[in-house]
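# Residue-level structure breakdown
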Amino acid sequence: MDYKASDALLDLQYFGEFGGVNPSISDSSTYTFLSAKTMFDTFEGNTEGCYLYSRHSSPSNLYLGEALAALEGTETANVTASGMGAITAVILQLCSSGDHLVSSRTIYGGTYAFMKNFLKRFNIEVSFVDITNPEAVQGAIRENTRMIYCESVSNPLLEVADIPNLAQLAEAHGMPLVVDNTFSPLSLAPARLGAHIVIHSLTKFINGTSDTVAGAVCGTKEFCLALKDVNDGAGMLLGSTLDSLRAASILKNMRTLHLRMKKHSENALFLARQFEKDGLRVVYPGLPSHPGHERMKALMVPEYGFGGILTLDAGNLERANSLMELMQRENLGYLAVSLGFYKTLFSAPGTSTSSEIPEEEQKQMGLSDGLIRFSIGLDNDIDRTYQKMRRCMETLEILPVQHA
Ligand code: PLP
């Protein structure tokens, strides 16, 4: 039978401390031990059934981790205080001074900045490659390469990574493939496709209410425990710990993820098709014109669609800015970064979420000035939204006026 992440997630059963259908929220930073010996054993790593200190783990964080492991089909998962908290901990856990990693060049700007500017301080080198070009990835691997890193669907250019091939390549060189799956929860299941470690910014679709910053690392028990090791675990020692109250609220939001993803995808596909028909340059993996369309079709779980993110090219930055301001005034969404909200969010990546990437490199990777990234919302009548967006574009002469 086909594995369904949403079934695994919704099949999780909870009997709260007092019989509640939601687990009780743990509200302690520290925990008592009935004997000093148990405390000693816990510090030695025998943490089964015991909580020590909430930076290490807490009941609420473990519940959320369990749900994320069910989502991604991994043995377990750790949660963190942000997506960057997950990304930086994983990289620093896997790479030491003198090491090297291979990364896709089209990744979230913060991840790019960390790799390009921050890892230098630790004498860790990064080769940025076109992740859709297998020879380029293979050619960048060195003896001291410790990981291959990519996003399943990349930010903001929506390149689709060939996860099974990249996983094989990583394995052949004895290293993990690390995939950030923030853009495509449920649609793509990287671990099922061979990835060794899956990262999420929970801030986005998974939480879906734009009220929380959080992250996750999904992987083997061995790796997730290593991250929590009190002596040398990057998760434990760098201290990016999620608060229990937030963990509990994200867990509750995850129960509607399957419904939300279907609607985000349905709405995004509708708009992408319409605007492409209108003659705009649209990037959306659900369009046959997208270079990663066939790959995505081969890798995805079809019922969740091609995701809620699309980009449109408004021609230049001025027009992009005017269009975003007008759409916000017309209540079509918010001029805001981030993704996965019930309302549409739009921003120009070149001057916002990818501004860490130097202009010249932006050009090389096809990130044009006029590009607008849309995180399409859960609009109930998407045709009405399309008509209103179209009128904004007509007003700004991005599209010719359509006569009835
Ligand atoms: N990964 C991707 C693909 C993102 O888009 C972002 C944020 O925009 C992050 C990671 C970072 O996550 P956070 O903002 O939760 O630290």
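Conventions adopted
- Residues numbered from 1 in each chain as written.
- Predicted model: local features only at pLDDT ≥ 70, side-chain atom pairs only at ≥ 80, totals over all residues.
- Heavy atoms only, no water.
- Helix = DSSP H or I, 4+ residues; strand = E, 2+ residues; numbered from the N terminus.
- Rg over C-alpha atoms; globule rule 2.2 N^0.38 Å.
- Buried < 20%, exposed > 50% of the residue type's maximum accessible area, 1.4 Å probe, protein only.
- Contact = heavy atoms within 4.5 Å.
- Areas by Shrake-Rupley, 256 points an atom, 1.4 Å probe, with all protein chains shown as cover.
- Lys, Arg positive; Asp, Glu negative; His and termini not counted.
- Charge placed at Lys NZ, Arg CZ, Asp CG, Glu CD.
- Pairing = 2+ DSSP bridges.
- Near = heavy atom within 4 Å.
- Polar contact = N/O pair within 3.5 Å; in protein donor to acceptor, adjacent residues only side chain to side chain.
- Nonpolar A, V, L, I, M, F, W, Y, C, P; charged D, E, K, R; others polar.
- Axes fitted to C-alpha atoms, helices over the stretch in contact; angles between N-to-C directions.

### Concerning the overall build of the chain
A count of helices and strands for the chain gives 15 helices and 12 strands. Here the C-alpha radius of gyration of the chain, 22 Å, is about what a compact globule of 404 residues would show, namely 22 Å. With the C-alpha coordinates of the chain rotated into their principal frame, the extents come out at 80 × 55 × 40 Å. Counting the 404 residues in the chain, one finds 55% classified as buried. Counting only contacts in the chain whose residues sit at least 6 apart along the sequence, the fraction spanning at least 24 positions is 71%. Approximately 18100 Å² of the chain is accessible, and the part contributed by carbon and sulfur atoms is 50%. A distance of 5 Å separates the average location of the 33 positive side-chain charges in the chain from that of its 45 negative side-chain charges.

### Re the sheet that holds strand E12 (residues 371–375)
One open sheet holds the 5 strands; their spatial order is E8-E9-E12-E11-E10, and the pairing between them is mixed. At either end of the open sheet lies a strand with only one pairing partner, and these are strand E8 (282–283) and strand E10 (334–335). As paired strands, E10 and strand E11 (residues 345–347) are joined by 2 bridges and run parallel to one another. When the sheet's bridge partners are listed, Tyr334 is paired in E11 with Leu345.

### A few points about the environment of Pro302
Topologically, Pro302 is positioned in the loop between helix H12 (293–299) and strand E9 (309–313). With 40 residues separating them in the primary sequence, Pro302 and Lys262 have C-alpha atoms 9.7 Å apart.

### Section: the site of the ligand
Taken together, 15 residues form the shell around the ligand, and within it Met84, Asp180, Ser201, Thr203 and Lys204 come nearest. A distance of 2.8 Å separates an oxygen atom of the ligand from a polar atom in the backbone of Met84. Within the contact set of the ligand, an oxygen atom lies 2.6 Å away from a side-chain nitrogen or oxygen of Thr203. In terms of residues, the shell around the ligand owes the most to one element, helix H4 (residues 83–94), which gives 3 residues. When the residues that make up the shell around the ligand are grouped by side-chain class, the tally is 6 nonpolar, 6 polar and 3 charged.

### Thoughts on the sheet that holds strand E6 (residues 197–201)
A sheet is described by the order of its strands in space; here 7 strands give the open sequence E1-E7-E6-E5-E4-E2-E3, paired in mixed fashion. Two strands lie at the open edges of the sheet, namely strand E1 (76–80) and strand E3 (125–129), each paired on one side alone. On average, each strand axis in the sheet is inclined to that of its neighbour by 20°, with strand direction left out of account. Direction of pairing for strand E2 (residues 100–104) relative to strand E4 (residues 145–151): parallel, over a ladder of 4 bridges. Paired with Ser103 across the strands is Tyr149, a residue of E4. With respect to the sheet, helix H3 (residues 59–72) is in contact with E1, E6 and strand E7 (215–219), its orientation differing from that of E1 by roughly 125°. Contacting E2, E3 and E4, helix H5 (residues 109–118) runs over the sheet at an angle of about 135° to E3.

Bear in mind that shape data such as this cannot, by itself, settle questions of function.
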